[in-house]
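Results of the structural survey
One letter stands for each residue in the lines below.
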Amino acid sequence: MKGTQLGEFEELVLLAIAFLYDEAYSVAVVEELSRRVDRPVILGVVHRTMQRLEEKGLVTSRFGEATAERGGRRKRLFTATPAGERALVEARRIRNELWAGIPRAAFGGNPA
Amino acid sequence: MKKPATPRPPGWAHKLLTRITAPHLLEELEGDLEEMFRMRLRQHGYRKAQLFYLLDILLLVHPRLWRRKPSPYPKPVYTQKLYLDMLTHHLLLAYRSSLRYKSSFVVNLVGLSTGLACAMLIYLWVSDEMGIDKFHAKGDRLYQALLNRQLTDQVVTEHATPAPLAEALVHEMPQVAHAVATTAGIQMPLFTLTAGNKNVKAAGQFAGRDYFKMFSYPLVQGDENQVLRDKNAIVLSESLARKLFNTSQNIIGKAVVFQQEQTYLVSGVFADVPASSSDQFDFLLSFEVFKDLMGPGATNWGNTGPRTFVLLREGVDLQGFNAAIRGLIKAKDNAANTEVFLRPYRDKYLYDTYENGRLAGGRIAYVKLFSIIAFFILLIAASNFMNLSTAKASRRVKEIGIKKALGSGRGTLMGQFLGESLGMAFLSGLVALLLVVLLLPEFNQITGKRLVLRFDTRLIAGAVGITAFTGLLAGIYPAIYLSGFSPSAVLKGKLPQRPGEGWVRQGLVVLQFALSVVFIVAVTVVYQQVQFIQSRNLGYSKDNLIYFGVEGSVKEKLEPFLSAVKNLPGVVNASSGAHSFLGQQSSTTGLEWEGKNPEDLTQFEVVQVNYDMLQTLGIGMSGGRAFSREFGTDSTRIIFNEAAIKAMGMKEPVGKTVRLWGEERQIVGVSKNFHFQSLHEAVKPLFFILAPGATWNVMVKMEVGKEKETLSRLGAFYREFNPGFVFDYQFLDTDYQALYAAEKRVSVLSKYFAGLAILISCLGLYGLAAFTAQRRRKEIGIRKVLGLNEMGIVYLLVGSFTRIVAVAIGIALPLSYLLTSRWLADFAYKIDLQWWYFVGAGGVVLLVSWLTVGFQAVKAALVNPVTTLKSE
């Protein structure tokens with residue numbers, strides 16, 4: 001099993017899945033991310049990322065209901081697992097620690 | 001832009017997606033794409049939606065798209081012990097199934113082993129043919145010079161070159177390392193050599209001094225720079241040295257008498273020329289001696305005769321060199337109509353047919369033909385295996401189902417089936433090897449080769465390669481087909497029927513029988529053509545005619561010898577000539593007649609004869625008379641054949657005069673056309689002139705039925721008249737047949753191959769028929785109970801096979817027509833293709849297949865329905 005280390009895009013997708021909660025499926029994730037990031041979000045990439053997340057045990061999936069919009073096909077709904085939550089928390093902790101440790105001068109401010 | 005009523009994403013892209021996507025991903029992906037398409041349709045319109053749809057599909061392409069869902073079960077861990085266990089298990093199963101289904105086992109074994117034996121024999125032959133002339137160490141730089149001669153309407157390519165060519169090449173072209181001239185043409189002439197009181201006939205030629213530096217005939221004694229340097233030098237082969245001196249050691253400097261005239265001293269001994277050389281000779285003499293014999297002709301650029309061989313320096317480009325020497329002969333002799341060019345020496349044997357100055361093949365055609373035949377026979381044999389294994393599948397579905405249910409993967413099963421067919425192939429390979437050993441002497445006799453089974457790496461690699469190829473070919477389809485069964489379906493007792501499965505099986509049968517029909521037609525046509533050639537009236541009689549060389553006392557006292565021979569009992573007639581009547585030998589364009597177009601380059605074959613030659617050969621006259629002693633002045637006369645008269649466009653030729661090489665000659669007669677070449681060629685213009693001094697062949701016609709006594713009388717007389725020479729005669733008839741040796745070999749071999757092809761195909765059909773009868777036994781039982789009689793059942797079973805064989809015949813006949821008419825096109829005199837060749841071949845195949853299937857059908861029809869219906 002690979003580590004629970006998250007890639008940047010994996011982290012975004014996992015966050016989107018958690019954010020969308022009960023309505024997290026590929027198209028919704030694509031839309032959600034497209035709204036927030038300033039670059040095209042590609043369906044294939046999202047798909048593959050979600051497969052990877054599932055293989056890592058960070059999300060689980062189930063089939064949802066079929067809709068006419070989808071030509072009568074079911075969507076695959078994703079839910080973050082406790083392991084997924086831990087991975088997100090861990091990622092945030094690392095960021096926070098680093099943020100906290102950045103000296104003010106690093107961004108051109110006066111050193112304290 | 002016009003919008004479709006309900007905008008849909010492009011169908012083809014969708015279809016493509018469904019083909020490559022793994023099943024467990026397909027539904028959600030289709031849904032996603034559709035949903036996004038509709039969304040974009042609303043936001044951006046049809047065109048953009050379509051574009052994005054395609055783009056999305058394109059960006060989906062990734063191994064994850066088609067990777068199958070991982071199995072939820074752990075993979076089996078293969079240990080060495082498990083491998084071993086599985087192997088013994090497979091072997092056990094294969095052994096049991098061969099015991100249980102003996103008939104199909106035997107069918108497979110016989111079919112595969114005969115097919116393999118056949119392929120191995122052909123492999124031996126082909127590799128022998130390909131190996132000829134390939135043993136020379138400098139072979140990549142070794143060339144033969146050929147001439148392209150421009151005639152009125154065509155270009156002919158000749159081996160005979162001007163005698164000074166070799167020296168000129170060495171002196172004028174810096175790219176040339178060595179060049180030599182040699183005398184012999186296609187066959188080395190035989191000469192009489194004497195050492196002490198031993199006379200031996202041996203094949204030999206004159207050769208330039210660097211001969212041994214160019215060709216890899218290793219010298220056992222002597223130095224390659226020295227052996228051909230002196231005019232009185234002779235180089236012997238080891239076996240000839242042993243014949244002459246009983247030893248090949250320490251014979252340098254010993255004397256050998258050539259033709260009872262000239263004495264030469266042994267300057268070297270070379271290892272016997274290997275069978276893989278296209279030039280076969282026992283001794284060599286210096287070419288300088290030959291030049292003296294030729295006199296002024298030795299420096300003449302217009303005369304041709306010797307062959308010229310060239311060794312180029314390393315890195316010389318052949319094309320550039322050929323362009324440079326193109327005009328060489330023209331520069332020496334302005335009247336020449338020839339251009340010289342080099343061709344690789346190693347191509348001399350296989351690629352020797354030139355048409356209009358261009359390479360048109362040669363023996364390589366037969367090499368290719370037999371390789372193709374070998375492949376097809378293997379294909380037929382492998383089809384049997386494929387057919388029987390897939391047909392037998394019904395008996396093995398349970399085994400496959402259980403194995404799959406127990407966790408065996410598709411790969412393992414494929415391995416098992418491929419392994420079985422490879423095992424079968426190697427078993428057959430062993431049987432085939434045995435067959436090859438048994439058949440090799442016979443095969444050698446037919447092909448005129450001395451093939452031996454030497455177990456060197458090449459042969460083993462070849463045999464293993466052929467066998468493995470057959471095994472894989474035979475096993476690949478059953479392996480894919482059988483391992484693809486779904487376990488749940490087969491364990492429920494359903495035999496999965498894929499569409500096209502029946503097609504494959506029937507297609508294989510069609511292929512087998514189509515090939516058989518083609519083989520039969522080809523055999524018939526080749527046989528008929530060979531018969532036609534050998535029985536064709538050649539315009540002269542070659543039966544009971546022997547010839548031997550004019551040498552020694554016979555040469556000195558030719559007239560007395562001939563008249564004495566004529567008086568021997570049993571001799572019908574005798575004469576001498578300078579032509580063997582077995583091929584083109586010497587021709588000229590130096591003939592002038594009234595009204596000749598100065599541009600005309602018609603070649604006339606020159607035949608120098610003694611008195612009585614036309615009578616001895618039985619050549620008929622269509623006008624005038626033959627040469628006769630009664631007139632005494634016939635040495636200034638000339639006789640033409642009808643083809644020559646036609647070529648000159650002469651009316652009333654007898655009595656007219658022509659100029660030959662500047663001298664006036666009166667036409668005394670016109671002979672009927674006769675074939676002095678192989679029947680591949682049309683009869684060409686020819687003339688006879690009376691020149692007893694230039695003749696080198698005595699021809700003797702004997703009485704029918706008294707050949708044996710006459711020959712012994714002739715031999716006794718010859719030895720008395722010409723002591724020191726060996727009476728070595730040949731039958732013209734035999735030599736004539738040798739002209740068609742290639743055709744004859746093809747005829748005999750293809751007969752065997754056709755027989756084999758039919759045998760193997762029928763074996764397969766037999767197996768299939770047995771299988772069908774077995775599978776339909778319940779149906780047959782019910783039909784019988786309901787009142788169908790035995791004939792009806794036979795008809796039912798035979799009918800379904802007849803259709804398949806009929807399709808095969810329908811495909812094969814046009815194909816065989818095309819192939820045979822192309823082969824015949826090569827002959828100037830040929831048979832017409834008869835309709836019955838084709839109908840006959842089809843009929844034979846149909847009949848044989850009826851017999852094969854009929855036997856099974858009758859067996860099935862006679863079974864009591866109770867026995868078949870009571871089971872279950």
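This section reports on the structure supplied with the text. (Residues numbered from 1 in each chain as written. Chains lettered and ligands numbered in written order. Predicted model: local features only at pLDDT ≥ 70, side-chain atom pairs only at ≥ 80, totals over all residues. Heavy atoms only, no water.)

**Here we look at the nonpolar core**
Residues and elements named next belong to chain B. Defined as follows: The criterion is simple. A nonpolar core is a set of buried Ala, Val, Leu, Ile, Met, Phe, Trp, Tyr and Cys residues joined through side-chain atoms within 4.5 Å. With a 1.4 Å probe rolled over the protein chains alone, any residue whose accessible area is under 20% of its type maximum counts as buried; one over 50% counts as exposed, and the rest are partly exposed. Helix numbering and strand numbering both begin at the N terminus, where a helix is a DSSP run of H or I of at least 4 residues and a strand a DSSP run of E of at least 2.
Ranked by internal contacts, the top residues of the largest apolar core, which has 50 residues, are I122, W125, F370, I373, I377, F443 and F753. If you list the elements that add at least two residues to this core, you get helix 6 (102–130), helix 13 (364–391), helix 15 (410–447), helix 16 (457–483), helix 18 (501–535) and helix 25 (741–775). The next biggest cluster of nonpolar side chains, apart from the first, holds 43 residues, and it includes L169, A202, V289 and V340.

**What about the interface of chain B and chain A?**
As a reminder, the rule being used: Note on definitions: a residue-residue contact is assigned when non-hydrogen atoms from the two residues lie within 4.5 Å. Buried area: the accessible area, evaluated with a 1.4 Å probe, that two parts lose upon being put together, summed over both parts. Salt-bridge detection follows one rule: a side-chain nitrogen of Lys or Arg within 4 Å of a carboxyl oxygen of Asp or Glu. Pairs of N or O atoms are called polar contacts if they sit within 3.5 Å, as long as, within protein, a hydrogen donor faces a hydrogen acceptor (for residues adjacent in sequence, only side-chain-to-side-chain pairs). Residues are grouped as follows: Ala, Val, Leu, Ile, Met, Phe, Trp, Tyr, Cys and Pro are nonpolar; Asp, Glu, Lys and Arg are charged; all remaining types, including Gly, are polar.
Every contact between the two is made by 22 residues of chain B and, on the other side, 20 residues of chain A. Regarding the contact of chain B and chain A, the summed buried area is about 2100 Å², with carbon and sulfur atoms giving 50% of it. Counting every contact that joins chain B to chain A gives eight salt bridges. Of the charged contacts in the structure, one is a salt bridge between A:R73 and B:E34, with a shortest N-O distance of 3.4 Å. Here chain B is connected to chain A by 15 residue pairs in polar contact (both at pLDDT 80 or more). Broken down by secondary-structure element, the contributors of at least two residues to the side of chain B that touches chain A are helix 2 (23–44) and helix 3 (46–60) of chain B. A class-by-class count of the residues in the side of chain B that touches chain A yields eight nonpolar, four polar and ten charged.

**With respect to the packing of aromatic side chains**
Defined as follows: Working definition: rings of Phe, Tyr and Trp (its six-membered ring) pair if their centres are within 6.5 Å, and the pair is stacked with planes under 30 degrees apart, edge-to-face with planes over 60 apart, and tilted otherwise. For a ring to carry a charge above it, either NZ of a lysine or CZ of an arginine must fall within 6 Å of the ring centroid while also lying within 35 degrees of the normal to the ring plane.
Scanning all chains against the criterion turns up 40 aromatic pairs over all chains. Both rings, one in B:F640 and one in B:F687, keep their centres 5.9 Å apart while their planes meet at 70 degrees; by these two values the pair is edge-to-face. You can see B:F640 sitting in strand 21 (residues 637–641) and its partner B:F687 sitting in strand 24 (residues 686–690), a full 47 residues away along the chain. In terms of burial, B:F640 and B:F687 fall into one category: buried. Seen from their ring centres, B:Y817 and B:F838 are 5.9 Å apart, and the 50 degrees between their planes marks the pair as tilted. Remark: B:F838 occurs in helix 28 (residues 835–862) and B:Y817 occurs in helix 27 (residues 790–824); sequence separation between them is 21 residues. Among the residues examined, B:F838 registers a relative accessible area of 11% and is labelled buried. Linked through ring pairs, B:F135, B:Y211, B:F212, B:F215, B:Y217, B:F270, B:F281, B:F309 and B:Y345 together constitute an aromatic cluster. Above the face of the A:F63 ring, A:R74 is positioned so that its terminal group lies 4.1 Å from the ring centre.

**Considering the pattern of salt bridges**
This structure, assessed with the given rule, holds 37 salt bridges over all chains. Notably, a salt bridge pairs A:E69 with B:R42, separated by 3.3 Å at the nearest N-O pair. Of this pair, A:E69 sits in the loop between strand 1 (59–67) and strand 2 (73–80) while B:R42 sits in helix 2, placing the two residues on different chains. Among the salt bridges present, the one from B:D279 reaches B:K348, with a minimum N-O distance of 3.2 Å. Separated by 69 residues along the polypeptide, B:D279 in the loop between strand 9 (262–270) and strand 10 (283–286) and B:K348 in the loop between strand 12 (338–344) and strand 13 (354–355) bring together distant segments of the chain. Just as B:D279 is buried, B:K348 falls in that class too. Here the salt bridges share partners, and the residues they tie into one network are A:R73, B:R8, B:E30, B:E34 and B:R38.

**With respect to the pairing of strand 15 (residues 545–549) of chain B**
All names here are of chain B. Where we set the bar: DSSP calls a pair of strands paired once it identifies at least 2 bridges connecting them.
Taking burial as the measure, the five residues of strand 15 include four buried ones, the bulk of the element. The pairing of strand 15 with strand 25 (residues 697–702) spans five bridges and is classified as antiparallel. Across the sheet, residue G549 finds its bridge partner in strand 25, namely N697. Here strand 15 runs beside strand 26 (residues 730–731); their pairing, made up of two bridges, is antiparallel.

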